[in-house]
Amino acid sequence: MNIVIVGGGTAGWMAALMAAKRHPNHKITVIDSTEIGIIGVGESTTGLITDLLTNHFWDFGCDHNEFIVETGASLKYAIKHQGWTNNIDDYYIGPIDGSYTKELLPDVYFSYGIEKFPDKQFILTSTIGHAIYNNMSNFSKDEKQFVSYTHALHVDAHLVGKYFKKVCLRSENANHIDAKVVDTILDPITGFIKSVKLEDGREIEGDFFLDCSGFKRILMSKLDNKWVSYQKHLPNNSAIPFLKEYEDGEYPDQSTRAWALSSGWMWTIPLLERTGNGYVFCDDFITPEKAYEEIESKVGSNIKPAPLIKFNTGRQESAWVKNCITIGLASAFIEPLEATSIHSTIVQIRNFVFEYLRPTVEETINDGSRQIYNQRTRKMFDDLKDFSVAHYMGGRTDSEYWRYISSGATKTEFVSNLLEMCKFRQPSSHDFPTYYGSAGWPLYSYVLAGIGKLNRDACAAELNLKSNVHGEYRRLTVQSFYDSQDEWTREQKKLMAWPEFIDYFRMLKKQHDSQSQ
Ligand SMILES: Cc1cc2nc3c(=O)[nH]c(=O)nc-3n(C[C@H](O)[C@H](O)[C@H](O)COP(=O)(O)OP(=O)(O)OC[C@H]3O[C@@H](n4cnc5c(N)ncnc54)[C@H](O)[C@@H]3O)c2cc1C
């Protein structure tokens with residue numbers, strides 16, 4: 001099959017790489033335009049990018065450490081959510097992916113149960129909590145490798161696509177055309193996309209097309225599809241991104257910061273050599289000028305903001321129409337919170353490449369596959385929308401924006417029911433969606449606890465109830481947790497301390513940059 005991908009951003013090159021490696025008999029052509037460029041934001045990720053880079057689903061030919069060095073990425077263990085309740089100094093640290101205690105309860109129950117930690121500063125039983133609280137990495141000093149891949153990455157949005165492009169173009173069945181697509185030609189009888197027309201007059205034909213053209217959505221806009229807006233529930237529609245260099249001797253944090261401000265929230269994403277930041281807001285409540293002033297009041301002057309980005313949260317009614325699938329920003333955008341975009345992009349590509357893309361056109365394109373793929377994709381985005389909406393339910397009321405949200409105007413049906421239920425009982429795993437890429441019970445529990453909707457005593461009671469059944473088991477869990485906090489662990493496992501780890505990778509990056517000049 002001839003598969004044509006329009007768009008060479010993160011989505012386009014990840015899709016090209018996975019399709020080319022998984023299906024060596026299909027020909028993959030990526031068309032993008034240097035003149036148009038990429039959006040260049042999107043620097044926080046989830047554990048799925050680590051899976052991709054460590055060839056967890058398939059041998060894609062990626063190298064995780066090479067990626068860090070070439071793209072200046074840093075490790076992400078968690079998200080520090082600050083100011084999401086009426087107590088605006090309040091914060092909680094949630095992990096990149098929730099996990100369970102040995103009693104099969106969400107990790108946050110454990111934090112509550114052992115009562116060692118301040119109210120909102122949750123910790124995990126896993127390597128993640130260990131690393132953050134001991135200021136360590138999970139990188140072995142002696143073996144120069146990660147002892148566990150339980151992390152995500154903070155990445156340079158301009159370099160991610162470039163890395164996947166380099167790896168992808170090593171495959172003989174992948175090629176690249178740098179040109180602007182000016183038209184999409186449909187078959188007059190079937191309505192399928194026949195070809196795309198380039199600015200230089202060439203026509204590129206294909207059997208299957210992936211629209212990875214970002215907010216331009218140039219292929220899907222020619223097909224019969226609708227945009228389903230999420231604005232009612234997620235009203236943010238603008239962002240002012242900016243970069244910030246580190247001071248001398250400053251090291252990146254191990255977590256993304258999501259800092260709720262007067263009319264939205266600000267991200268800080270610490271890379272190896274700089275941070276990426278941005279204020280995401282709703283312009284019904286604050287002008288871009290006032291938003292800029294608010295940024296300055298929070299982080300000081302001397303910032304050089306990138307141009308304002310406008311967006312419309314939502315998704316395509318159908319991700320797959322005729323012989324075309326939309327992926328990345330062309331498919332949906334929820335909002336930057338919890339890094340759902342690159343995450344859902346990987347899920348969409350993985351599902352397509354491993355399950356729906358078959359050796360022939362006949363096996364691949366049929367109504368049944370299309371409908372099921374669309375149902376799964378819709379559900380994923382709608383569920384991620386609910387998850388994002390839940391973050392805003394901390395009852396903050398100190399500005400017009402927060403009063404609007406706290407009036408309940410943005411609640412989805414699921415979030416409304418969930419909050420009502422939490423008044424009477426703790427949620428259980430079956431209350432949340434569970435499938436590849438979903439935000440399930442443990443992750444939701446962090447958010448609910450962080451915004452004060454999970455009852456601490458009830459969590460502790462539940463943990464103790466289970467522990468009574470498994471008394472010795474619980475004692476061992478607690479003991480092993482405390483042990484992992486001890487200094488000797490550093491010696492035993494020979495892990496690099498966080499600053500040492502950063503210095504090591506900064507040194508490798510310097511070497512790489514000077515060799516590639
Ligand atoms: C404010 C903001 C913050 C974000 N933060 C995060 C985050 O922290 N984490 C996260 O996971 N995601 C985040 N995202 C989303 C993230 O930016 C995207 O998921 C990611 O960059 C992938 O984008 P893309 O490849 O779909 O589109 P783009 O990067 O825009 O790429 C589109 C491609 O299409 C090409 N193209 C367009 N039109 C044509 C044409 N006519 N002819 C030829 N080529 C064409 C362009 O040249 C480009 O190569 C954020 C998004 C926004 C708006």
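Cut-offs used in this document
Residues numbered from 1 in each chain as written. Predicted model: local features only at pLDDT ≥ 70, side-chain atom pairs only at ≥ 80, totals over all residues. Heavy atoms only, no water. Pairing = 2+ DSSP bridges. Helix = DSSP H or I, 4+ residues; strand = E, 2+ residues; numbered from the N terminus. Near = heavy atom within 4 Å. Polar contact = N/O pair within 3.5 Å; in protein donor to acceptor, adjacent residues only side chain to side chain. Areas by Shrake-Rupley, 256 points an atom, 1.4 Å probe, with all protein chains shown as cover. Nonpolar A, V, L, I, M, F, W, Y, C, P; charged D, E, K, R; others polar. Salt bridge = Lys/Arg side-chain N within 4 Å of Asp/Glu carboxyl O. Buried < 20%, exposed > 50% of the residue type's maximum accessible area, 1.4 Å probe, protein only. Contact = heavy atoms within 4.5 Å. Axes fitted to C-alpha atoms, helices over the stretch in contact; angles between N-to-C directions. Parallel < 35°, antiparallel > 145°, perpendicular 65-115°, else oblique. Patch = residues over 30% accessible without salt bridge, like charges linked within 9 Å, V, L, I, M, F, W, Y side chains within 5 Å. Lys, Arg positive; Asp, Glu negative; His and termini not counted. Charge placed at Lys NZ, Arg CZ, Asp CG, Glu CD. Core = buried A, V, L, I, M, F, W, Y, C linked by side-chain atoms within 4.5 Å. Expected span 1.5 Å × (residues − 1).

## Focus on the sheet that holds strand β9 (residues 174-178)
In a beta sheet, neighbouring strands are held together by backbone hydrogen bonds and run either parallel or antiparallel to one another. Pairing in this open sheet of six strands is mixed, and the strands run β9-β2-β1-β13-β23-β22 from one edge to the other. If you trace the sheet from one side to the other, it starts and ends with β9 and β22 (320-321), each paired once. One ladder, built from four bridges, connects strand β1 (residues 2-6) with strand β13 (residues 208-211); its direction is parallel. Looking across to β13, one finds that Val 6 is bridged to Asp 211.

## What about the site of the ligand?
Taken together, the neighbourhood of the ligand is formed by 34 residues, with Val 41, Ser 44, Val 181, Ser 341 and Ile 342 sitting nearest. At 3.4 Å, a backbone N or O of Thr 10 approaches an oxygen atom of the ligand. Here an oxygen atom of the ligand and a backbone polar atom of Leu 329 are 2.9 Å apart. Protein chains bury 97% of the 1000 Å² of accessible surface belonging to the ligand in isolation. At the level of secondary structure, the elements contributing two or more residues to the shell around the ligand comprise α1 (10-22), β17 (264-270) and α8 (340-356). When grouped by side-chain class, the residues that make up the shell around the ligand number 18 nonpolar, 12 polar and four charged.

## Some points on the pattern of salt bridges
Per the counting criterion, the structure on display carries 20 salt bridges. Between Lys 180 and Glu 35 there is a salt bridge, with its nearest N and O atoms 3.2 Å apart. Highlighted residues: Lys 180 in the loop between β9 and β10 (181-186) and Glu 35 in the loop between β2 (27-32) and α2 (47-53), separated in sequence by 145 residues. Between Glu 355 and Arg 350 there is a salt bridge, and its shortest N-O distance comes to 2.9 Å. In this structure, a network of salt bridges that share partners links the residues Glu 43, Asp 156 and Arg 274.

## Section: unusual backbone geometry
With glycine set apart, most residues show a phi of negative sign, and most peptide bonds adopt trans. Here the phi dihedral of Lys 144 falls at roughly 50°; this positive angle occurs in a residue that is not glycine. Within the chain, Ala 339 stands out as a residue other than glycine whose phi angle is a positive 50°. Ala 339 gets classed as buried once you look at its relative accessible area, which sits at 9%.

## Topic: the side chain of His 391
Following the sequence through the fold, His 391 ends up in helix α10 (residues 367-391). At a separation of 2.7 Å, a polar atom in the side chain of His 391 contacts the side chain of Glu 338. Other than its neighbours up to four places away in sequence, His 391 contacts His 81, Trp 84, Tyr 92, Leu 337, Glu 338, Val 447 and Ile 451.

## Concerning the packing of helix α3 (residues 64-71) against helix α17 (residues 498-515)
Packing of α3 against α17 brings their axes to within 8 Å, and their N-to-C directions diverge by 70°. It follows from the interaxial angle that α3 and α17 lie roughly perpendicular. For the pair formed by α3 and α17, the contact residues are Asn 65, Ile 68, Val 69, Glu 70 and Thr 71 on the first element and Phe 505, Leu 508, Lys 509 and His 512 on the second. When its residues are assigned to classes, the contact of α3 with α17 shows four nonpolar, three polar and two charged.

## Examining the environment of Trp 498
Relative to the assigned elements, Trp 498 resides in helix α17. We classify Trp 498 as buried; its relative accessible area is 2%. Put simply, Trp 498 and Ala 131 are 367 residues apart on the chain and 8.1 Å apart in space, counted from C-alpha to C-alpha. The contacts of Trp 498, once residues within four sequence positions are left out, are Ser 74, Leu 75, Tyr 77, Asn 135, Met 136, Ser 137, Pro 252, Asp 253 and Gln 254.

## Concerning a negative patch on the surface
A cluster of acidic residues, Glu 247, Asp 248, Glu 250 and Asp 253, forms a negative patch on the protein surface. In this structure, Glu 247 sits in the loop between β15 (238-245) and β16 (255-261). The exposure class assigned to Glu 247 is exposed, which follows from its relative accessible area of 56%.

## Points about the nonpolar core
Phe 164, Leu 210 and Tyr 392 are the most contacted members of the largest nonpolar core, which has 118 residues in total. Per-element tally for this core: the top contributor is α1, with nine residues. Not counting the four nearest positions on each side in its chain, Leu 210 is found in contact with Ile 3, Val 4, Ile 5, Val 6, Ala 15, Leu 219, Ile 325, Ile 327 and Phe 352. Counting residues in hydrophobic clusters, the runner-up holds 16 residues, among them Ile 31, Ala 179, Val 181 and Ile 204.

## Some remarks on helix α6 (residues 157-168)
The first and last C-alpha atoms of α6 sit 18 Å apart over 12 residues, in line with the 16 Å expected at 1.5 Å per residue. Buried positions along α6 lie against α1, α2, α3 and β9. Measuring from the backbone nitrogen of His 158 back to the side-chain oxygen at the start of α6 gives 2.9 Å, which picks out Asp 156 as the cap.

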